[in-house]
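# Commentary on secondary and tertiary structure
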Amino acid sequence: MQSDAPIGAIAPIAPTPHQLAWQRSNTGAFFHFGINTFHGQEWSDGTLPASSFDPTDLDAEQWVETARAAGARYAIITAKHHDGFCLWPTKTTDYSVASSPWKDGKGDVVGELAAACRAAGIGFGVYLSPWDRHAPEYADPAAYTKLYTEQIRELCTWYGPLMELWFDGAGSDGYEYDWTAIMAVARKHQPDAMVFNMGDPTIRWVGNEDGLAADPVEYVVDHTQMSNYTVVTAEFAEALYLPPECDVSIRRGWFWHPDDEPKSLEHLLAIHYRSVGLGANLLLNLPPDTRGRIPDADAARVAEFGAEVARRFGTPAATAELTHGDTWTASFGGPVAFDHIRLREDLTDGQRVVRHVVRSGDRVLAEGLTVGAGRIHLTEPVTAAELTIEIVGDGAVLESVEVFETGVRELPQVPEGYRAPTDRPDE
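Residues numbered from 1 in each chain as written. Predicted model: local features only at pLDDT ≥ 70, side-chain atom pairs only at ≥ 80, totals over all residues. Heavy atoms only, no water.

### Here's the deal with the overall build of the protein chain
Put simply, the rule reads: Every helix listed is a DSSP run of H or I at least four residues long, and every strand listed is a run of E at least two residues long, numbered separately from the N terminus. A radius of gyration in this sense is built from C-alpha atoms; the matching globule rule multiplies 2.2 Å by the number of residues raised to 0.38. Each residue's exposure class comes from its accessible area (1.4 Å probe, protein chains only) as a fraction of the maximum for that residue type: buried when under 20%, exposed when over 50%, partly exposed otherwise. Only heavy atoms matter for contacts: two residues are in contact if any of them lie within 4.5 Å across the pair.
The helix and strand inventory of the protein chain stands at seven helices and 17 strands. Here the protein chain has a C-alpha radius of gyration of 22 Å; the compact-globule value for 427 residues is 22 Å, and the two agree. For the protein chain, the proportion of its 427 residues judged to be buried stands at 58%. Long-range contacts, defined here as pairs at least 24 residues apart, represent 75% of the contacts in the protein chain between residues at least 6 apart.

Following this line, the structure appears as structure tokens:
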């Protein structure tokens, strides 16, 4: 086995068991829902009346059913977006569902989704915006720390185990949060939850809202990017194991708009190849409409997407028996026809593969840099009984090699020129 410099010139770091479990989940669903849904806005300033939040047919079970159709193994709700409106009956502010006409002020969106996730057997997480445009306490960091830590405490103690706490850096440029105090509360009550990008992170933002990672996908980094709207980064005192999450909306906007529509099947498949297929997690946003339901067109597209991913990668044509010396040999026990290869790295002791080449005899079928939690390659149609795999990286170990026969001959493409909006929605 050859050796090379470690990923990004930073030595490997072993992940925690909970980080590995999160990475194996591959795909999650994001639900952007709130006061903005009823006003056609992406960001609002905290002045929209709570009385305007009034879904007519909210069905959290339908949200989760749609998420599962996409292959999602966890779901995250915008419990509080930048406008400060809370989707649970918090005791910290009257700007919440408790002041809305929905269910006569006795409703709890967070609670309903948490229950639906538990019933479906998928993980549950919450997005709690640090930036709060409604709370007058935000102008006083000490007062806001008290309010925000209490909101964290409520969310961490009212709804059972949380798989993820999602902190959005938008709007927080130059603001000094007391993350030590905030994370002390979070870690006391939800020590196993993944923490996204801020505070005491265990996972990080991929760096764009298109849902796209790029080779190499590095799990050990010494900084993260704050948001789509600033070049500010958070620098760490030491490198951390922080696998990336690729967030993207099924629509152009994050919240539901009547004149928006879901991305095409090819676009969603292209995102899958460029996120899960590169070893990152995919977080697909599915915005409920003013009824409180995922729109029919979106649900249908999600079902189509999930079915096609399952068709391509749900059942391998063969799983190899692995042996290694100077190179790895993947043996299938006899000839097998395929057009895709999926490699997985054993990450127990950290990410170590920095380059790989897959050959059938003298033919190079696929090559790339990192492997990580999963690396998918489209190949020419091949029939082979074994493959040889050259791995570069000290101590690197392959966990599995699978091949798939899909009939697919070309990689799906993101529409030319498509980029998620990068201007602040309130400007």
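### Focus: the pairing of strand β14 (residues 355-360)
Filter applied, for reference: In short, DSSP must find at least two bridges between two strands for them to pair.
Here five bridges tie β14 to strand β16 (residues 375-392), and the two strands are oriented antiparallel to one another. Following the sheet pairing, Val-357 is matched in β16 by Glu-390. Here β14 runs beside strand β15 (residues 363-368); their pairing, made up of five bridges, is antiparallel. Counterpart to Val-357 in the pairing with β15 is Glu-367. Two successive antiparallel strands, β14 and β15, enclose a turn made up of two residues, where Gly-361 displays a positive phi of approximately 65°.

### Thoughts on helix α6 (residues 265-274)
Of all the 10 residues making up α6, seven are buried; the element is thus mostly covered by neighbouring parts of the structure. Regarding α6, the residues found buried are His-267, Leu-268, Leu-269, Ala-270, Ile-271, His-272 and Tyr-273.

### Let's talk about the nonpolar core
What counts here: Only buried Ala, Val, Leu, Ile, Met, Phe, Trp, Tyr and Cys residues count toward a nonpolar core, and they belong to the same one when joined by side-chain atoms within 4.5 Å.
Grouped together as the largest cluster of nonpolar side chains are 77 residues, with contacts concentrated most on Phe-31, Ile-77, Val-109, Val-110 and Phe-124. Excluding its chain neighbours within four sequence positions, the residues that come into contact with Phe-31 are Trp-63, Val-64, Ala-67, Ala-75, Ile-76, Ile-77, Thr-78, Leu-113, Asn-285, Leu-286 and Ile-294. The next biggest cluster of nonpolar side chains, apart from the first, holds 23 residues, and it includes Trp-328, Val-336, Val-353 and Leu-387.

### What about the pairing of strand β10 (residues 281-285)?
Going by this rule: Consider the strands pointing away from the viewer: the crossover is right-handed when the path from the first strand over the helix to the second runs clockwise.
Of all five residues in β10, five are buried; the element is thus mostly enclosed. Burial along β10 is two-sided: the face carrying Asn-281, Leu-283 and Asn-285 and the face carrying Leu-282 and Leu-284 are both buried. As defined by bridge partners, strand β1 (residues 27-31) adjoins β10 across four bridges and the pair is classed as parallel. Residue pairing in the sheet places Gly-28 in a bridge with Leu-283 of β10. Examined bridge by bridge, strand β9 (residues 244-249) and β10 share five bridges and lie parallel to one another. Residue pairing in the sheet places Val-248 in a bridge with Leu-284 of β10. In the classification by handedness, the crossover that spans β9, the intervening α6 and the parallel β10 is right-handed.

### Considerations on the sheet that holds strand β2 (residues 74-80)
Read from one edge to the other, the open sheet built from eight strands follows the order β5-β4-β3-β2-β1-β10-β9-β6, with strand pairing classed as parallel. The open sheet terminates on both sides in strands that have one partner only, identified here as β5 (194-196) and β6 (204-205). With three bridges joining them, strand β3 (residues 123-128) and strand β4 (residues 164-166) adopt parallel strand pairing. Paired with Val-126 across the two strands is Leu-165, which belongs to β4.

### Examining the pattern of salt bridges
For the record, the criterion: A carboxyl oxygen of Asp or Glu within 4 Å of a side-chain nitrogen of Lys or Arg is what we treat as a salt bridge.
The tally for this structure, following the rule as stated, stands at 18 salt bridges. Taking the shortest distance from any N to any O, the salt bridge between Glu-308 and Arg-311 comes out at 2.9 Å. In this pair, Glu-308 and Arg-311 both sit in helix α7 (residues 296-313), three residues apart, roughly one turn of the helix.

### Comments concerning helix α5 (residues 179-189)
Our working rule: Picture the helix axis, draw a direction to every C-beta atom, and the arc is the one those directions span.
Among the residues of α5, Trp-179, Ile-182, Met-183, Val-185 and Ala-186 are the ones counted as buried. Considered in projection along α5, the buried side chains sweep an arc of 155° and stay on one side of the axis. Along α5, exposed side chains directed more than 90 degrees from the buried face belong to Thr-180 and Lys-188. Buried residues along α5 sit against α4 (141-158), β4 and β5.

### Quick notes on the environment of Asp-210
With respect to the element layout, Asp-210 can be found in the loop between β6 and β7 (220-225). Expressed as a C-alpha distance, the spacing of Asp-210 and Ile-250, which sit 40 residues apart in the sequence, is 10.0 Å. Setting aside its immediate chain neighbours within four residues, Asp-210 contacts Asp-247, Val-248, Ile-271, Tyr-418, Arg-419 and Ala-420.

### Some details on the packing of α6 against α7
When two helices pack together, you describe them by how their axes are tilted relative to each other and by the distance separating the axes. Going by this rule: A fitted line through C-alpha atoms represents every axis, and for helices the fit uses only the stretch in contact; the resulting angles, taken between N-to-C directions, go from 0 to 180 degrees. When describing relative orientation, an angle under 35 degrees is termed roughly parallel and one over 145 degrees roughly antiparallel, while 65 to 115 degrees is termed roughly perpendicular and anything else oblique. Two helices cross in a left-handed way if the nearer one is turned anticlockwise from the farther one by less than a right angle. They cross in a right-handed way if the turn is clockwise. Residues are grouped as follows: nonpolar covers Ala, Val, Leu, Ile, Met, Phe, Trp, Tyr, Cys and Pro; charged covers Asp, Glu, Lys and Arg; every other residue, Gly included, is treated as polar.
It is the contact of α6 with α7, at a shortest axis distance of 10 Å, that shows an interaxial angle of 50°. In terms of axis orientation, α6 runs oblique to α7. α6 and α7 meet at a crossing whose hand is right-handed. Seen from α6, the contacting residues are Leu-265, Leu-268, Leu-269, His-272 and Tyr-273; seen from α7, they are Arg-301, Glu-304, Phe-305, Glu-308, Val-309, Arg-312 and Phe-313. In the contact of α6 with α7, the residues fall into seven nonpolar, one polar and four charged.

### Points about the side chain of Glu-245
Let me state the cut-off plainly: Charge assignment in this entry is limited to Lys and Arg as positive and Asp and Glu as negative, and neither His nor the chain termini are counted. Side-chain atoms alone can form a polar contact between residues adjacent in sequence; in general such a contact is a pair of N or O atoms within 3.5 Å, and within protein one must be able to donate a hydrogen while the other accepts it.
Mapped onto the elements of the fold, Glu-245 is located in strand β9. Buried charged residue Glu-245 carries no salt bridge. Nearest counter-charge: Arg-204, at 11 Å. There is a polar contact of 2.6 Å between the side chain of Glu-245 and the side chain of Tyr-74. Non-local contacts of Glu-245, meaning those with residues more than four positions away in its chain, are made with Trp-22, Tyr-74, Glu-164, Trp-166, Phe-196, Ile-203, Arg-204, Trp-205, Val-206, Asn-281 and Leu-283.

### Section: the state of the cysteines
The criterion, for reference: The term disulfide is used for any two cysteine sulfur atoms that are within 2.5 Å.
For the structure on display, the rule yields zero disulfides. Residue Cys-117 stays outside any disulfide, its sulfur separated by 16 Å from that of Cys-156, the closest cysteine. In this model Cys-156 remains outside any disulfide bridge; the closest cysteine sulfur is found in Cys-86, 14 Å from its own. The buried category is assigned to Cys-156, whose relative accessible area is 4%.

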